[in-house]
Amino acid sequence: MKKVLSILAMLVLLIGVTAGCSSTTGTTSTSKVLVTNKDKKEISMTATVNGKYFTEATRHGVVAVGGSNYEKSVLKGDANEVDFYNALIEIGAKAGNNLTLADMTKGVKVEGDKLNVFVTWDGLGKEIPFNDIITSSDPRPMDIRFGGNLQNAKDKKTGCILCLDSCAVGITSNASYETGASSTVKFYGNKDVLPKDGTKVTVIFRLAQ
Amino acid sequence: MKVYRLIYNSFIWGMLVSILAFQNTWLEMRMNIGIIIPIFMALFLAVGILLEKAGKEQLLSLSKEFTIINVLACTGMSLLVLGFQRIKVVPASIVREGLKLTNISFDTMNIVLLILVFGGVILSCFGRGKIEMNNVKNVFKGGSGKVLGILIIVCLYFFVPPINSFVNNAVNVLKTVDVQSAKEYILSFGIWAPVVSFLLMILQSVLFPLPAFIITFANAGLFGWVNGAILSWTSAMAGAALCYFIAKFLGRNAVEKLTSKTALKNVDDFFDKYGKYAVLIARLLPFISFDIVSYAAGLTSMSFWSFFVATGIGQLPATIIYSYIGGMLTGSAKTFVTGLLILFAVSTLIILLKKIWTDKKKIIV
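In this text the structure is predicted, and so the values were computed from the model without any measurement.

Side note on the overall build of chain B
Line of reasoning, step 1. From N to C terminus, chain B includes 20 helices and 0 strands.
Line of reasoning, step 2. When burial is assessed residue by residue, chain B has 34% of its 365 residues classed as buried.
Line of reasoning, step 3. When contacts within chain B are restricted to residue pairs at least 6 apart in sequence, long-range pairs at least 24 apart make up 72% of them.

Pasting the structure below:
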């Protein structure tokens with residue numbers, strides 16, 4: 001029993017030490033996680049790269065911290081989805097609110113104001129279109145729309161900010177793919193473009209003119 | 001040390017099961033897969049405590065040898081399921097997500113896992129007694145070893161797509177009982193054709209109703225009757241050895257499920273009558289099932305090497321004849337017809353021999 005307890009104690013210590021070793025790179029935690037610019041009609045949100053989805057498929061582009069799908073997305077967002085929704089309204093974007101939960105199996109496309117989405121990180125010196133950080137088994141040009149879905153988002157608590165196919169829960173989603181497309185189409189983070197797992201990035205949502 | 005090994009082995013199993021669960025996208029998207037690991041550990045600990053209270057702790061007694069084999073088997077399985085690229089990411093992401101340590105990099109988590117897995121094995125080796133080879137063999141005779149072995153085979157079939165599709169395609173081809181289909185299937189693997197033929201023969205050994213002569217004919221047609229005979233003979237030997245060890249490992253009940261109770265009983269009578277010469281005689285009689293004899297031998301006290309030598313000698317005449325006929329069936333029209341006539345004659349002889357044999361048994365009775 002003493003041997004077992006000492007081994008368990010070692011295990012806890014090992015995990016504690018590694019938990020203290022933060023591997024995030026990029027901007028420090030003093031940066032604001034969600035910045036709204038009404039003049040440029042854009043929102044910037046910090047996020048962290050999730051390298052799991054370089055090799056595994058997912059349908060989540062960006063998910064907010066605290067959401068149940070937080071670990072299931074290519075980028076793990078630092079702001080919550082309700083603040084993000086309000087920021088989009090602040091820059092004058094109009095939500096489509098055309099999808100219901102029943103539509104998730106009907107192959108319907110999301111509507112709402114178009115958003116141009118980009119990603120950047122320290123040292124890059126440019127903005128990369130979100131389209132370029134995602135690979136797909138059925139590539140199509142991205143068409144990100146402000147779906148709205150605030151009530152569904154609050155009810156489901158998934159934290160979904162940007163879904164890679166049309167969605168009745170995500171605040172924004174990709175109208176290039178209809179609802180349910182992700183059951184056949186596989187989406188991955190593009191490891192040739194994105195920085196390594198754990199890197200802090202900034203996601204920019206700009207209202208298309 | 002027993003409690004430690006129980007916790008450690010259940011961690012390894014929990015890790016493997018979570019990796020297998022991760023393969024299901026529906027599950028992976030909806031749950032924290034990492035939670036499976038502590039559930040497994042808690043479950044096995046609870047079972048261990050209950051068994052100890054009931055005075056049956058030996059049922060879950062996990063030796064050093066078992067622990068080492070378990071770690072190697074589960075690590076090998078994980079590698080087969082995930083491949084080299086994904087194994088650097090998936091286990092680390094499972095544990096990271098399970099522990100909610102989202103800030104830890106995969107590299108750091110992989111180092112932790114390597115220390116846990118291999119350090120755990122080294123720690124398991126401490127304790128009373130050395131690691132004995134006899135104990136390694138005994139692992140597979142014990143209940144936990146058998147369960148582990150079966151689990152490995154089932155997981156390989158269901159979770160490794162190349163194995164799953166190979167087995168399904170091979171069974172479909174052999175079920176058609178068509179030499180041409182078998183030839184085309186084997187040939188489709190190009191340079192790997194002899195290896196695939198070898199594996200097919202082993203597969204048909206285990207799945208009793210699938211016919212071996214189809215593969216023998218196909219080998220002769222593809223590689224010439226001499227090379228075909230060599231390939232068929234060696235692969236049949238491997239299949240026979242596998243059946244022998246399956247019977248030794250899993251026992252009579254499992255063998256009856258793989259074959260049939262009646263067929264096994266008939267061969268039992270044969271073994272009772274002819275003792276240590278049973279295998280040799282059975283191999284020389286083409287109407288006695290090759291595979292059932294192999295299984296039956298594994299259920300007796302016959303040593304492996306006696307069985308192996310008897311099988312090698314006994315199956316040689318039939319292999320040569322079938323291969324020669326199979327080679328003729330791919331030649332010109334004249335040799336094809338000659339081959340067919342010989343095949344007809346041999347088949348008739350076999351039926352006749354079987355009738356004489358059966359009648360002789362009735363008279364004696």
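Digging into the overall build of chain A
Line of reasoning, step 1. In terms of regular secondary structure, chain A is built from 3 helices and 12 strands.
Line of reasoning, step 2. Put simply, chain A has 209 residues, and 44% of those count as buried.
Line of reasoning, step 3. Contacts spanning at least 24 positions in sequence make up 68% of the contacts within chain A whose residues lie at least 6 apart.

Examining helix α6 (residues 106–124) of chain B
All names here are of chain B.
Line of reasoning, step 1. In a regular helix each residue adds 1.5 Å, so 19 residues correspond to 27 Å; α6 covers 26 Å between its end C-alpha atoms and thus fits that length.
Line of reasoning, step 2. Regarding α6, the residues found buried are Phe106, Thr108, Met109, Val112, Gly120 and Ser124. Along the axis of α6, the buried residues cluster in a sector spanning 170 degrees; they form a single face. Every exposed residue of α6 that faces more than 90 degrees away from the buried side is listed here: Leu114, Phe118 and Ile122.

Details of the confidence of the model for chain B
Residues and elements named next belong to chain B.
Line of reasoning, step 1. Here chain B averages 78 in pLDDT, while 77% of its residues score no lower than 70.
Line of reasoning, step 2. Within chain B, helix α5 (residues 90–99) carries the highest mean pLDDT (90), whereas helix α7 (residues 133–141) carries the lowest (55).
Line of reasoning, step 3. Under the prediction, the complex receives an ipTM of 0.76, its pTM being 0.61.

Structural notes on the pairing of strand β3 (residues 60–64) of chain A
Every regular strand shows the same layout, with side chains that alternate between the two sheet faces.
Residues and elements named next belong to chain A.
Line of reasoning, step 1. Within β3, 5 of the 5 residues are buried, leaving the element largely enclosed by the surrounding structure.
Line of reasoning, step 2. Where β3 lies against strand β4 (residues 73–77), 4 bridges are found, and the strand directions are parallel. Across the sheet, the residue bridging to valine 62 is leucine 75, located in β4.
Line of reasoning, step 3. Bridging between β3 and strand β9 (residues 160–163) involves 3 bridges; their strand directions are antiparallel. Within the sheet, the bridge partner assigned to histidine 60 lies in β9 and is cysteine 163.

Topic: the confidence of the model for chain A
Line of reasoning, step 1. Averaged over every residue, the pLDDT of chain A is 88; the share at 70 or more is 85%.
Line of reasoning, step 2. In this model, residues 19–30 of chain A is a region of pLDDT below 50 whose contacts with residues beyond four sequence positions or in other chains number 25 contacts.

Observations concerning the nonpolar core
Line of reasoning, step 1. Counting 47 residues, the largest nonpolar core has Phe84, Leu88, Cys160, Ile161 and Val203 of chain A as the members making the most contacts within it.
Line of reasoning, step 2. Discounting chain neighbours no more than four positions away, the residues touching isoleucine 161 of chain A are Val62, Val63, Ala64, Gly77, Glu81, Phe84, Gly170, Ile171 and Thr172 of chain A.
Line of reasoning, step 3. Formed by 42 residues, the second largest nonpolar core is a distinct cluster that contains Ala212, Ala218, Trp225 and Cys243 of chain B.

A look at unusual backbone geometry
Residues and elements named next belong to chain A.
Line of reasoning, step 1. Positive phi outside glycine occurs at lysine 41, with the angle close to 55 degrees.
Line of reasoning, step 2. Inspection of the secondary structure puts lysine 41 in the loop between β1 (34–37) and β2 (42–49).
Line of reasoning, step 3. Taking the number of C-beta atoms within 10 Å as the measure of exposure, lysine 41 has 19 and is therefore partly exposed.
Line of reasoning, step 4. A positive phi angle is found at asparagine 149, which is not glycine, with a value near 60 degrees.
Line of reasoning, step 5. The residue asparagine 149 is located in the loop between β8 (144–146) and α3 (150–156) in this model.

A closer look at the environment of glutamine 23 of chain B
Residue and element names in this part refer to chain B.
Line of reasoning, step 1. Topologically, glutamine 23 is positioned in the loop between α1 (2–22) and α2 (25–30).
Line of reasoning, step 2. Judged by the 18 C-beta atoms lying within 10 Å of it, glutamine 23 falls in the partly exposed class.
Line of reasoning, step 3. Note: C-alpha distance between glutamine 23 and valine 81 (58 residues apart in sequence) is 8.6 Å.

Remarks on helix α12 (residues 212–223) of chain B
Because an α-helix packs 3.6 residues into every turn, residues spaced three or four apart end up facing the same way.
All names here are of chain B.
Line of reasoning, step 1. Given a rise of 1.5 Å per residue, 12 residues ought to cover 16 Å, and the 16 Å separating the end C-alpha atoms of α12 matches this to within 8%.
Line of reasoning, step 2. For α12, a buried count of 11 out of 12 residues is recorded, marking the element as mostly surrounded by other parts of the structure.
Line of reasoning, step 3. Residues of α12 that are buried include every one of Ala212, Ile214, Ile215, Thr216, Phe217, Ala218, Asn219, Ala220, Gly221, Leu222 and Phe223, and no others.

So, the packing of α1 of chain B against helix α4 (residues 64–87) of chain B
All names here are of chain B.
Line of reasoning, step 1. Running from N to C, α1 and α4 cross one another at 10 degrees; their axes reach a closest spacing of 10 Å. As the angle between them shows, α1 and α4 are arranged roughly parallel. Here α1 runs over α4; the crossing is left-handed. Side by side, α1 and α4 meet where Arg5, Tyr8, Asn9, Ile12, Trp13, Leu16, Ile19 and Leu20 of the first sit next to Thr67, Asn70, Val71, Cys74, Met77, Ser78, Val81 and Leu82 of the second.

Some details on the packing of helix α15 (residues 261–274) of chain B against helix α17 (residues 290–299) of chain B
Residue and element names in this part refer to chain B.
Line of reasoning, step 1. Close contact between α15 and α17 brings their axes to 10 Å; oriented N to C, the two are set at 65 degrees. When the axis of α15 is compared with that of α17, the two are roughly perpendicular. Classified by chirality, the crossing of α17 by α15 is right-handed. Contact residues: α15 offers Ala263, Leu264, Val267, Asp268 and Phe271, while α17 offers Ile292, Val293 and Ala296.

Topic: the pairing of β1 of chain A
Residue and element names in this part refer to chain A.
Line of reasoning, step 1. Of the strand pairs in this sheet, β1 and β2 are connected by 4 bridges, and their pairing is antiparallel. Looking across to β2, one finds that asparagine 37 is bridged to glutamate 42.
Line of reasoning, step 2. Between β1 and β2, which follow one another and run antiparallel, lie 4 residues, and lysine 41 among them has a positive phi close to 55 degrees.

Here is what the cut-offs are and how they apply
- Residues numbered from 1 in each chain as written.
- Chains lettered and ligands numbered in written order.
- Predicted model: local features only at pLDDT ≥ 70, side-chain atom pairs only at ≥ 80, totals over all residues.
- Helix = DSSP H or I, 4+ residues; strand = E, 2+ residues; numbered from the N terminus.
- Buried ≥ 20, exposed ≤ 12 C-beta atoms within 10 Å, placed from the backbone.
- Contact = placed C-beta atoms within 7 Å.
- Expected span 1.5 Å × (residues − 1).
- Arc of directions from axis to C-beta.
- pLDDT = per-residue confidence, 0-100.
- Pairing = 2+ DSSP bridges.
- Core = buried A, V, L, I, M, F, W, Y, C linked by C-beta atoms within 7 Å.
- Axes fitted to C-alpha atoms, helices over the stretch in contact; angles between N-to-C directions.
- Parallel < 35°, antiparallel > 145°, perpendicular 65-115°, else oblique.
- Left-handed = near helix turned anticlockwise from the far one by under 90°.

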